[in-house]
Amino acid sequence: MSVTAPKGFLASGVVAGLKASGKPDVSVLQNTGPSFAAACVFTSNRCKANPVLWSEQVIADGEVRAIATNSGGANCYTGSRGFQTTHATAERIGAALGIGAGDVLVCSTGLIGEQLDEVKLFAGFDAAIEALDADGGQDAANAIMTTDTVAKTAVHRGDGWSIGGMAKGAGMLAPALATMLVYLTTDAELSAAELDSALRTATSMSFDRIDSDGCQSTNDTVSLMASGASGIRPDLDEFTASLSELCLDLALQLIRDAEGASHDIAITTVGAANEADAVEVGRSVARSNLFKCAIFGNDPNWGRILAAVGTTSATFDPERIDVSMNGVMICRDGEPGESRDLVDMTARDVQILIDLKSGDSSATLWTNDLTTDYVHENSAYST
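Described in the following lines is the structure provided in the data block. Every chain begins its residue count from 1, and numbering advances along the sequence as written. Totals for whole chains, interfaces and linings use every residue, but because this is a predicted model, local features are given only for residues with pLDDT of at least 70 and side-chain atom pairs only at 80 or more, for both listing and counting. Calculated side-chain values reflect all of the structure's heavy atoms, with hydrogen atoms and water omitted.

### Considerations on the packing of helix 1 (residues 50-58) against helix 2 (residues 79-97)
Angles shown run from 0 to 180 degrees and are taken between the N-to-C directions of axes, each axis being a line fitted to C-alpha atoms and, for helices, limited to the stretch in contact. Only DSSP runs of H or I reaching four residues or more are called helices, and only runs of E reaching two or more are called strands; each is numbered from the N terminus. Close contact between helix 1 and helix 2 brings their axes to 9 Å; oriented N to C, the two are set at 50°. On the basis of the axis angle, helix 1 is oblique to helix 2. The two elements helix 1 and helix 2 meet at a crossing, and its hand is right-handed. Side by side, helix 1 and helix 2 meet where Asn50, Pro51, Leu53, Trp54 and Gln57 of the first sit next to Gly79, Gly82, Phe83, Thr86, His87 and Ala90 of the second. Grouping the amino acids of the contact of helix 1 with helix 2 by side-chain chemistry returns five nonpolar, six polar and no charged. When an angle is under 35 degrees it counts as roughly parallel; over 145 it counts as roughly antiparallel; between 65 and 115 it counts as roughly perpendicular; any other value is oblique. The crossing is said to be left-handed when, going from far helix to near helix, the turn is anticlockwise and less than a right angle, and right-handed when the turn is clockwise. Contacts were defined at the residue level, with two residues in contact if any of their heavy atoms lie within 4.5 Å. All residues other than Ala, Val, Leu, Ile, Met, Phe, Trp, Tyr, Cys, Pro, Asp, Glu, Lys and Arg, Gly among them, are scored as polar; the first ten of these are nonpolar and the last four charged.

### Considerations on a negative patch on the surface
Among the surface-exposed residues, Asp159, Asp235, Asp237 and Glu238 lie close enough to one another that they form a single negatively charged patch. With respect to the helices, strands and loops of the structure, aspartate 159 is situated in the loop between strand 6 (152-157) and strand 7 (162-168). Each residue gets one of three labels from its accessible area relative to the maximum for its type: buried under 20%, exposed over 50%, partly exposed in between, using a 1.4 Å probe on protein chains only. Among the residues examined, aspartate 159 registers a relative accessible area of 66% and is labelled exposed. Like charges are joined within 9 Å and nonpolar side chains (Val, Leu, Ile, Met, Phe, Trp, Tyr) within 5 Å, but only among residues with over 30% relative accessible area and no salt bridge; these make up the patches. Here the Shrake-Rupley method, with its probe set to 1.4 Å, supplies the accessible areas, and only the displayed protein chains count as covering residues. Whenever Lys or Arg places a side-chain nitrogen within 4 Å of a carboxyl oxygen from Asp or Glu, that contact is recorded as a salt bridge. When charges are tallied, Lys and Arg are placed among the positive residues and Asp and Glu among the negative ones, while His and the ends of the chain are skipped. For charged residues, the charge sits on one atom: NZ in Lys, CZ in Arg, CG in Asp, CD in Glu.

### Considering the sheet that holds strand 2 (residues 26-31)
By the convention used here, strands pair only if DSSP detects at least 2 bridges between them. With mixed pairing, four strands are arranged side by side in an open sheet as 1-2-4-5. Strands at the two margins of the open sheet, each flanked by one partner only, are strand 1 (9-14) and strand 5 (104-109). Neighbour to neighbour, the strand axes of the sheet diverge by 10° on average, direction disregarded. Here helix 2 sits on the sheet and contacts strand 2, strand 4 (66-71) and strand 5; the angle it forms with strand 5, its principal contact strand, is near 130°. Across the sheet, helix 3 (residues 118-130) lies against strand 1, strand 2 and strand 4, angled at about 45° from strand 2, the strand it touches most.

### A word on the pairing of strand 5
Burial analysis of strand 5 places six of its six residues in the buried class, which makes it a mostly covered element. In strand 5, alternate side chains face the same way, and those of Val104, Val106 and Ser108 on one face and Leu105, Cys107 and Thr109 on the other are all buried. By the bridge criterion, six bridges tie strand 4 to strand 5 in an arrangement that is parallel. Looking across to strand 5, one finds that alanine 66 is bridged to valine 104. Where the polypeptide runs from strand 4 across helix 2 and back to strand 5, its parallel neighbour, the crossover connection is right-handed. Crossover handedness is defined by viewing with both strands directed away from the observer: a clockwise path from the first strand over the helix to the second marks the crossover as right-handed.

Below is the structure:
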């Protein structure tokens, strides 16, 4: 049931005709209360889509009652008309649900620089409102997809309370959120400030640590709504830990469905002087096209890993670094270690371990290989 697993939420997903494929492309998620506390994290890309600009205003008071989403068009770089379309969407949803437009988040995903067909869009949202249902979470998860091959959902059940989530994204997955939309719901009783704290902690350890292709979206939104319908107020630390686990689950689902990927790669840096160094090193390797191409070719070319590490400002001695791949230490103290022929690259999962021997901090980032399918899909995306 995804986002409708917690009490107090209705969802739907319908076909509006925005996608040439004829697949579902409009969804609505409603919080029926009794609480309407919410928090959001948005892309840090300075070039933001109209829905993000609108939603940043909506979340300012920490209250959200509904989220309207369309796939099949990003509504980004569409000028004042595009912003008016976003505003009109919120007005239409608000009027239909008997709530203010200022309590409606709007999200869009798809091709940048194209106006949305308002006739189809609004008719789709009207149909989505009619279709709202406590079992509509899966329909909503299907409707937010673009190049995704599967819907991404997750549920955590606590002691009398729960968290539900759905996400979309298969490309442009990079830090500062990953094109990525994530919707999280809970029936726990928590304030907007508590939700914001938990969400920022959760995203920093999950969505901010996946880096598929180094490209950052204009539309990224991660939202968390609390209905309070369970009547239970969990310990905030417990809730944050559960939310973080669920977000990591969704983040890894995004990486597994990355466009054209044939390997899922976990890059763990240990022995770092601090966590920031560990993250920087992992991210540099994750963004190395040479490294990612080698993984696609089942080639344990550890020299490409060290070359990427060397571009960072992290503290380390180049002559002391160890690198292991799938459990085989192929580089020891900056020199050849075990034979690279011992590394089995045939499985989808690849584990990279980098030991900087400079401290006690560590971090893991997740990425995928760079394949010919990725190049084909993104070279033909708008044509």
